[in-house]
Structures are given as structure tokens and as C-alpha cells.
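Observations on the model geometry
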Amino acid sequence: MRISQDKQKKLAYVARRYYLEDQKQSDIARELGVSRPLVSRMLSEARELGIVEITIHEPGAKAASLLDRLRLSSSIRSGVLVEDGEDDDTTNQLLSQGAVDLLRRIGSHRLGVGWGYLIGQLVTWLEANPQMDSTISDICPLVGNASIPARNYQSNENVRLMAQQLGAAPHFLYLPALPDNLEEKQLLCSSEIYRQIHQQWEQMDTALVNIGDYPSSPDFASLVRYGSLLQQQHACGRMLVYYFNEEGSIIQSDQDFAIQIPLETLLRCPNIVGVCSANTSAKALRGALRTGAFTHIVARSALVQTLLGQ
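Residues numbered from 1 in each chain as written. Predicted model: local features only at pLDDT ≥ 70, side-chain atom pairs only at ≥ 80, totals over all residues. Heavy atoms only, no water.

**What about the overall build of the protein chain?**
- The secondary structure content of the protein chain amounts to 14 helices and nine strands.
- A globule of 310 residues ought to have a C-alpha radius of gyration of about 19 Å, yet the protein chain, at 26 Å, is considerably larger.
- When each of the 310 residues of the protein chain is scored for burial, the buried share is 50%.
- Considering only contacts within the protein chain whose residues lie at least 6 apart along the sequence, 71% involve residues at least 24 apart.
- Of the accessible surface of the protein chain, which amounts to about 15100 Å², a share of 49% is contributed by carbon and sulfur atoms.
- In the protein chain, 29 positive and 34 negative side-chain charges are present, and the distance between their average locations comes to 11 Å. (Helix = DSSP H or I, 4+ residues; strand = E, 2+ residues; numbered from the N terminus. Rg over C-alpha atoms; globule rule 2.2 N^0.38 Å. Buried < 20%, exposed > 50% of the residue type's maximum accessible area, 1.4 Å probe, protein only. Contact = heavy atoms within 4.5 Å. Areas by Shrake-Rupley, 256 points an atom, 1.4 Å probe, with all protein chains shown as cover. Lys, Arg positive; Asp, Glu negative; His and termini not counted. Charge placed at Lys NZ, Arg CZ, Asp CG, Glu CD.)

Spelled out as C-alpha cells, the structure:
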């Protein structure tokens, strides 16, 4: 039904007075010299004609919609998306809380933990918010210890602290993440220490894995391990000490001497939770999702929205 432009303007005026200027229908009727029931009918007509559109922002609806879209386009089954905090530290704390909530929702029992900035933030959050009623019974590291002092990369210490705050049993990997060369790695991986941690990896039901950008800091001796492969194959991101490109291909090197959970063992884990920090890029997340490795995600809603919008 076509209506005149004058009537449209009048309906828009009444709608603006009522919805935006918070005027009562009786006051609008008095102003226009009409009855209050007529004002009510005009508001209904304005909605029917699309002059007024009412949107309800239900809590969690945006995140649920984004996760639904991820489920249709990737291997993700579920996850937690958070809104940005006032700064990166606040956002990372919200992401840390989201990761802990997700582990509870999954019902994780035997947990493997990676490393990286958000893992360190998660440990800090747990120290302030112990979860002694957690379902987690055992925790082990997925990567050896780094030689740098940064807490985010001290795998055994992070496992110890997490286990303490979750009421779980810790299992340690007393080997370096980056030995001197491939021969040393082969020697260390033939030890009883490695055999025991590998047994833990085989038994875990959930892996908590960082998704980070490439290049990243620290460099983890990538030049020695990969030569020019990372540049040639256009690496864009990192999970544990594995690198991948935007197409989702994990870049392999015959000279990779990092000590971490073997890729084939990781991929057998029933639940692989990818955690993104406040600074993880859409390019890194896109590549990570295209690997098909991840079953769950913890990330900023804005990051996922950017990813899906491109």
C-alpha cells in the first residue's frame, strides 16, 4: 500500500517523539490535537511500514550467531567469544576466564597445556580465582621449557601453578623446548622422561593450544629449524611451536628439533581448544581454523566478526 510522503513524515515525527524523545502517547496526542488511540495506531502503522524498526540485543546472541557461522565453515564445534575490555590486559583476563569456563563446560579431565602470552595470563587469572571444584584431574605441558625467563614460556611452572589452582595432579616435561640440534632432540626423545610425558599426551582428552601471529617474539630459533621455508610458504601464525600459513597448511621441516607433542598425537585429542590473545590477527586465526585441528575456540568477538566479514 502506497502512502503519501506527508503521511510518512507525520508517522516518522510521532515515532521519533515516542521512541527517541521518550514522550507519552497522551502528550503527543495533545500536541497534535488528536486522540491517544489514534497516536497508538500511528505507531503501529509506522512499525508495519518499516518506518520504525525495533532491534532487541539479547545478551550472548551476537556471540552465539558468530559461533554458529564458525561451525558451518570450520571444524569448530563450540567456544567462548568475549567483548573487548578497556585495554588489552583486561581483554586477556576476560579471554582467560572464558577459557576456564569452556574447560568446565567440556568436562575436561586430562588436560595438556601449550604456552604463549595468553597461557601466562590464564595462569595469572587462576591464581586470583582458584577453581578447586574443577573437573580436571591431571595436567601436563605440550611443549618443553624455554631458555628465556619469560613466565609465559616456562611450561612446567605454568603446569604446576594451574594444577595448584584447579586441584589437579601436575605432570612435568624435564626437557628443553629447543635443544641444540636434531641429534640432541633424537637422543632426548629416546629417554624415559620423554616416554612418560608421551604417555600423558596419549591419555589427555583436552589440549589448550595458543594461536599466535608469525613472526612473533621470541623467535624460537625458527631460522635454524626452517631455513627459508617459513618465508617461502608464507607462514602467518603459530600454534605451540608449529607454524602454518593462511591456507591452513602446517609447515614441516626435516630439521625441526623442537620438543613438543607430535602433530599426529595432538590431532588425535578429542578436544583441541585454540586460545587467541587480544593481539591475535584475523590472518593467524584464519590459517589456524583452516588447519582443521581445532574443535573449540576462545577469542574476541570482534576478531571473529572481522574474520567472517572478509
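This is not the end of the story, as more comes after the structure.
**Focus: empty space enclosed by the protein**
- For the coordinates displayed, the defined rule picks out one cavity of 30 Å³ or more.
- The computed volume of the largest cavity comes to approximately 70 Å³.
- Lining the largest cavity we find Val100, Leu103, Arg104, Gln131, Ser134, Thr135, Ile136 and Leu166.
- For the lining of the largest cavity, the per-class residue count stands at four nonpolar, three polar and one charged. (1 Å grid on protein atoms, 1.4 Å probe; cavity = no way out; pocket = protein on both sides within 12 Å on 5 of 7 lines; lining within 4 Å. Points joined across faces, edges and corners; volume = space filled by probe spheres on them. Nonpolar A, V, L, I, M, F, W, Y, C, P; charged D, E, K, R; others polar.)

**Observations concerning the packing of aromatic side chains**
- In this structure the tally under the stated criterion is six aromatic pairs.
- Each ring, one from Phe172 and one from Tyr174, has its centre 5.8 Å from the other, and the planes form 55 degrees; the classification is tilted.
- Here Tyr174 falls in the exposed class, since its relative accessible area comes to 56%.
- Ring geometry for Tyr214 and Tyr243: centres 5.2 Å apart, planes at 75 degrees, overall edge-to-face. Linking Tyr214 in the loop between strand E5 (206-213) and helix H10 (222-226) with Tyr243 in strand E7 (residues 242-245), this pair joins segments that are 29 residues apart in sequence.
- Judged by its relative accessible area of 17%, Tyr214 is buried.
- Connected via pairs of aromatic rings, a cluster forms that spans Tyr214, Tyr226 and Tyr243. (Phe/Tyr/Trp six-rings, centres within 6.5 Å; stacked < 30°, edge-to-face > 60°.)

**Thoughts on the packing of helix H4 (residues 61-73) against helix H14 (residues 301-309)**
- As a packed pair, H4 and H14 sit with axes 10 Å apart at the nearest point and diverge in direction by 45 degrees. It follows that H4 is oblique to H14 by the angle criterion. When the axes of H4 and H14 are compared, the crossing they make is left-handed. Together, Lys62, Ala63, Leu66, Arg69, Leu70 and Ser73 of H4 and Ser301, Val304, Gln305, Leu307 and Leu308 of H14 make up the contact between the two elements. (Axes fitted to C-alpha atoms, helices over the stretch in contact; angles between N-to-C directions. Parallel < 35°, antiparallel > 145°, perpendicular 65-115°, else oblique. Left-handed = near helix turned anticlockwise from the far one by under 90°.)

**Describing the packing of helix H2 (residues 25-32) against helix H3 (residues 36-48)**
- Interaxial distance between H2 and H3 falls to 8 Å at its minimum, and their mutual angle equals 105 degrees. Between H2 and H3, the interaxial angle falls into the category roughly perpendicular. In this structure, H2 contributes Gln25, Ser26, Ile28 and Ala29 to the contact, and H3 contributes Arg36, Val39, Ser40 and Leu43.
- In the contact of H2 with H3, the residues fall into four nonpolar, three polar and one charged.

**Concerning the pairing of strand E9 (residues 296-300)**
- Along E9, five of the five residues are buried, which leaves the element largely enclosed by surrounding structure.
- Where strand E1 (residues 78-82) meets E9, five bridges bridge the pair, whose relative direction is parallel. Counterpart to Val82 in the pairing with E9 is Arg300.
- The sheet contact formed by strand E8 (residues 271-276) and E9 spans three bridges and is parallel. Bridge pairing in E9 places Val273 opposite His296.
- With helix H13 (residues 282-290) bridging E8 and its parallel neighbour E9, the resulting β-α-β unit is right-handed. (Pairing = 2+ DSSP bridges. Right-handed = clockwise from strand over helix to strand, strands pointing away.)

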